[in-house]
Amino acid sequence: MIPHQYRTVAFTDVPVDLDERSLREFFLSRQVYRRTRFVVARNDDGLALVEVTKAGEEELFVDVTDVRVLASPQETILVDRADIDTAVPSQLLRAASGIAGAPRCVVVRGRYGHVNFMLDAVPRRVHVLDVAPPWPAKLVDQVRRVLDTAEELPATECVSEVVDLEEMAAREPAGHYLLPCRGGGITVPGAEVSYLDEVPPEADWLLLGCARSRAIHDHFYPDRAAGVTQVDICPAALAASRPLPPGEARLTKCCLLEEHIETRGDTVVVPWGASFTLVSAGLAAASDLAEELRTTEEGRENAT
């Protein structure tokens, strides 16, 4: 549970014990602001998370008709993180990660002093596979930047998987490499390097490129189409050869896509050079896919 709007969360000191009976009696005797749904109740002994049911929302302050303690002081911790925007679920997840003891409820007091919480968080896990150079790997960097502002996206944990193209080239030694373009900044020490977009004179080279690069190569060098050796650097192709843990999803890219995203099994693919709009759509699709796969996996485990 993560409130969609932190304005529904009140943070207040209470003059009573934090057991359920005391909290019920206290809040049933009071009115709350009409938008309040949750209260982080604090005293010298700690914090408790309370959910209140109200008589209505028409008046500015309304009577409380029911009280439910969602998390006790033993299950609740307060984290002060001025760098965290508490309106963004994935930022809340970042604030909660690594806390010893894995408490059920993590209350975060973040940027602007705003307070929000995560209760019984089960983050969606998405692997982001990209290639580099250039550094930082662009898709991984875009996803991180999207996560910093994605208020509508459920709490999603992204795991970066960056394949180093220079290391790939080193595992396929050759005297001459043909790369798609200079843009990536790939270097191969001790070898000659040419760039496909410059249409260099035909040579005995190893093509370090994807299916689109191969098609361009075969167009310009039809006599070498059948004989050229290629190392496929397509992130989508690399992803297909790397199994994921059950219940997790992946986001990657492919230059064969131009204006849309595709779902291929446990992987969502966006175009190479995708805009932030498409990356955001792809990340949302991958997050939803991760939730679907996790639920399916849990159902399978329960059935057995």
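Structure shown above.
So, here's what we can say about the structure. Keep in mind the model is a prediction, meaning the values are calculated, not measured. (Residues numbered from 1 in each chain as written. Predicted model: local features only at pLDDT ≥ 70, side-chain atom pairs only at ≥ 80, totals over all residues. Heavy atoms only, no water.)

## Overview of the packing of aromatic side chains
Move 1: Under the defined criterion, the tally for this structure stands at four aromatic pairs.
Move 2: Pairing Tyr33 with Phe61 gives two aromatic rings, centres 5.9 Å apart and planes at 65°, and the pair type is edge-to-face. Here Tyr33, found in strand 2 (residues 31-33), pairs with Phe61, found in strand 5 (residues 61-71); they are 28 residues apart in sequence, far enough to count as distant.
Move 3: Its relative accessible area of 35% is what places Tyr33 among the partly exposed residues.
Move 4: By relative accessible area, Phe61 is classed as partly exposed at 46%.
Move 5: A ring pair is formed by Trp205 and Tyr221, whose centres lie 5.2 Å apart and whose planes are at 75°; its orientation type is edge-to-face. Linking Trp205 in the loop between strand 12 (192-195) and strand 13 (206-209) with Tyr221 in the loop between helix 5 (211-220) and strand 14 (229-232), this pair joins segments that are 16 residues apart in sequence. Tyr221 matches Trp205 in its accessibility class, with the two residues each being buried. (Phe/Tyr/Trp six-rings, centres within 6.5 Å; stacked < 30°, edge-to-face > 60°. Helix = DSSP H or I, 4+ residues; strand = E, 2+ residues; numbered from the N terminus. Buried < 20%, exposed > 50% of the residue type's maximum accessible area, 1.4 Å probe, protein only.)

## Points about the layout of surface pockets
Move 1: Space inside the largest pocket adds up to approximately 540 Å³.
Move 2: Lining the largest pocket are 24 residues, and of these Pro180, Cys181, Ser213, Ile233 and Trp272 sit closest to its centre.
Move 3: In terms of residues, the lining of the largest pocket owes the most to one element, helix 5, which gives three residues.
Move 4: The residue inventory of the lining of the largest pocket, partitioned by class, reads 14 nonpolar, five polar and five charged.
Move 5: Here the second largest pocket is characterised by a volume of approximately 290 Å³.
Move 6: In this structure, the second largest pocket is lined by 15 residues; those nearest its centre are Arg94, Leu147, Thr156, Glu157 and Cys158.
Move 7: Of all elements in the fold, only helix 2 (89-96), helix 3 (138-147) and strand 10 (156-164) reach the threshold of two or more residues within the lining of the second largest pocket.
Move 8: Counting residues per element, the lining of the second largest pocket draws most heavily on strand 10, which supplies five residues.
Move 9: When grouped by side-chain class, the residues that make up the lining of the second largest pocket number seven nonpolar, four polar and four charged. (1 Å grid on protein atoms, 1.4 Å probe; cavity = no way out; pocket = protein on both sides within 12 Å on 5 of 7 lines; lining within 4 Å. Points joined across faces, edges and corners; volume = space filled by probe spheres on them. Nonpolar A, V, L, I, M, F, W, Y, C, P; charged D, E, K, R; others polar.)

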